[in-house]
Amino acid sequence: MDLTYTPEEEEFRARLSQWLGKVLATLPAKPSPDDWPGRRAHDLGWQRMLYDAGYADVHWDASPTMRLIFLEETEKAGAPYVGANFVGLLHAGPTIAAEGTDGQRARWLPPILRGEEVWCQGFSEPEAGSDLAALRTRAWRDGDDYVVSGSKIWTSHAEVADWCELLVRTDPEAPKHKGITWLAMPMDAPGVTVRPLRTLAGSAEFAEVFLDEVRVPVANRVGAENDGWRVTMVTLSFERGTAFVGEVVACRRVLGELAHEARRNGRWDDPVLRRRLGRLNAEFRALWRLTQWNVSEAESNGGVPGVGGSVFKLRYSHARQELYDTAADVLGPDCLDLDRPWVLDRLSALSYTIAAGTSQIQRTIVGERILGLPKGR
């Protein structure tokens, strides 16, 4: 498998890097973490700059390798993360591009790319836990609408979202993986109530969402009725396969910063710490190669990542936690100071073995779909 870049891809990298060098100094300051309307405006403003410069469509219309280069270069340059727009750009948008009708693509993709609309993800439920297919939010057909009642939890950026990629149960009598439908729900529809949740780090970037007979047009269904589990697997393949790419680059940068800080504060003299930093360096280099492999596989599979994304997500989430545990060792007593670098990142890293499917779920996928082990009874 050839993991090298073509001359065209390297030219794209150079052109993007040059553009980033010019525009990043012109960006306004990032708003306070608690100012979500301000952060929405900031994140969408950056997306509009990408759109105007011709880089916005890299998430869908470019090859997976071009997307990889884009994410690598923007992270290396310190460009803003997609932030409030991450569900639209990295989950819902790619799913609609792959599974939606021509009309759906024309309606929803351009506003995401232009930085005009924000999406949130309505998958998890309070009583479903890691078993996503056990969801109980109910939708029944009433003429040209579905009527939806239920609740969702851990709904990222629901408080500033315009749309929600929503999983509902449309056939309660079917086997649990068969009676699910994927809908695009407008967040301003009557009957939608959003209740923000505060994290361990004190932020509130996700929420509970309560749905009381919310009417969603049948035209907003992506894929066939009761075929939502298959469409969801497309969504999750993007979430696990490519959505964390920029974060791997960020972790490699943090690793270098930790080594620099350890030399500065004397912790570098600890051979155990040096070995941990060296092992993590090897770990993230290997994860980057795995990312390239997954992207290469996606290019031969119509742009949709395969189950290798579960291997990546499983190892990356644990490696990230190990990285920030090591950061605590480097900081010493300062690791309790929330104003110090890496401290809040350490708290948020605790969620990575849960987000986008728990590590237990990823191990099951790897065992059954890659290793060919029998399914549990």
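Residues numbered from 1 in each chain as written. Predicted model: local features only at pLDDT ≥ 70, side-chain atom pairs only at ≥ 80, totals over all residues. Heavy atoms only, no water.

J.: What is the right way to read the overall build of the protein chain from this model?
T.: Along its length, the protein chain carries 11 helices and 8 strands. Burial analysis of the protein chain (377 residues in total) assigns 52% to the buried set. Relative to all contacts within the protein chain whose residues are 6 or more apart in sequence, the contacts with residues 24 or more apart total 72%. (Helix = DSSP H or I, 4+ residues; strand = E, 2+ residues; numbered from the N terminus. Buried < 20%, exposed > 50% of the residue type's maximum accessible area, 1.4 Å probe, protein only. Contact = heavy atoms within 4.5 Å.)

J.: Sorry if this is basic, but what is going on with the pairing of strand β1 (residues 119-122) here?
T.: Strand residues, when the strand is regular, have side chains that alternate between the two faces of the sheet. Of the two faces of β1, the one carrying W119 and Q121 and the one carrying C120 and G122 are both buried. The pairing of β1 with strand β4 (residues 163-169) spans 4 bridges and is parallel. Note on β4: the bridge partner recorded for W119 is W163. (Pairing = 2+ DSSP bridges.)

J.: Looking at this structure, how should I read the side chain of H157?
T.: Structurally, H157 is set in the loop between β3 (145-156) and β4. Sequence-distant contacts of H157, defined by excluding residues within four places in its chain, comprise W36, G83, A84, F86, C120, E205 and F206.

J.: What is the right way to read the packing of helix α4 (residues 86-99) against helix α5 (residues 102-113) from this model?
T.: Relative placement of two packed helices is described by the angle separating their axes and the distance separating the axes. The contact between α4 and α5 brings their axes to 10 Å, and the two run at 160°. Taken together, the axis directions place α4 and α5 in an arrangement best described as roughly antiparallel. Where α4 crosses over α5, the handedness of that crossing is left-handed. Every residue of α5 that contacts α4 at G88, L89, G93, I96 and A97 is listed here: Q104, R105, W108, L109, I112 and L113. Looking at the contact of α4 with α5, its residues break down into 7 nonpolar, 3 polar and 1 charged. (Axes fitted to C-alpha atoms, helices over the stretch in contact; angles between N-to-C directions. Parallel < 35°, antiparallel > 145°, perpendicular 65-115°, else oblique. Left-handed = near helix turned anticlockwise from the far one by under 90°. Nonpolar A, V, L, I, M, F, W, Y, C, P; charged D, E, K, R; others polar.)

J.: Looking at this structure, I do not really get the pattern of salt bridges. What am I missing?
T.: Should their charged atoms come close, side chains of opposite charge can pair. According to the stated counting rule, one finds 29 salt bridges in the structure shown. With its nearest N and O atoms 3.3 Å apart, the salt bridge here joins E322 to R279. One end of the pair, E322, is in helix α9 (residues 308-331); the other, R279, is in helix α8 (residues 271-299), and 43 residues separate them in sequence. The exposure class of E322 is partly exposed, given its relative accessible area of 24%. Residue R315 is joined to E283 by a salt bridge in which the shortest nitrogen-to-oxygen separation is 2.6 Å. Of this pair, R315 sits in helix α9 while E283 sits in helix α8, and the two are 32 residues apart along the sequence. R315 gets classed as partly exposed once you look at its relative accessible area, which sits at 30%. Three or more residues are tied together by salt bridges with common partners; here these are E10, R13, E72, E73 and K76. (Salt bridge = Lys/Arg side-chain N within 4 Å of Asp/Glu carboxyl O.)

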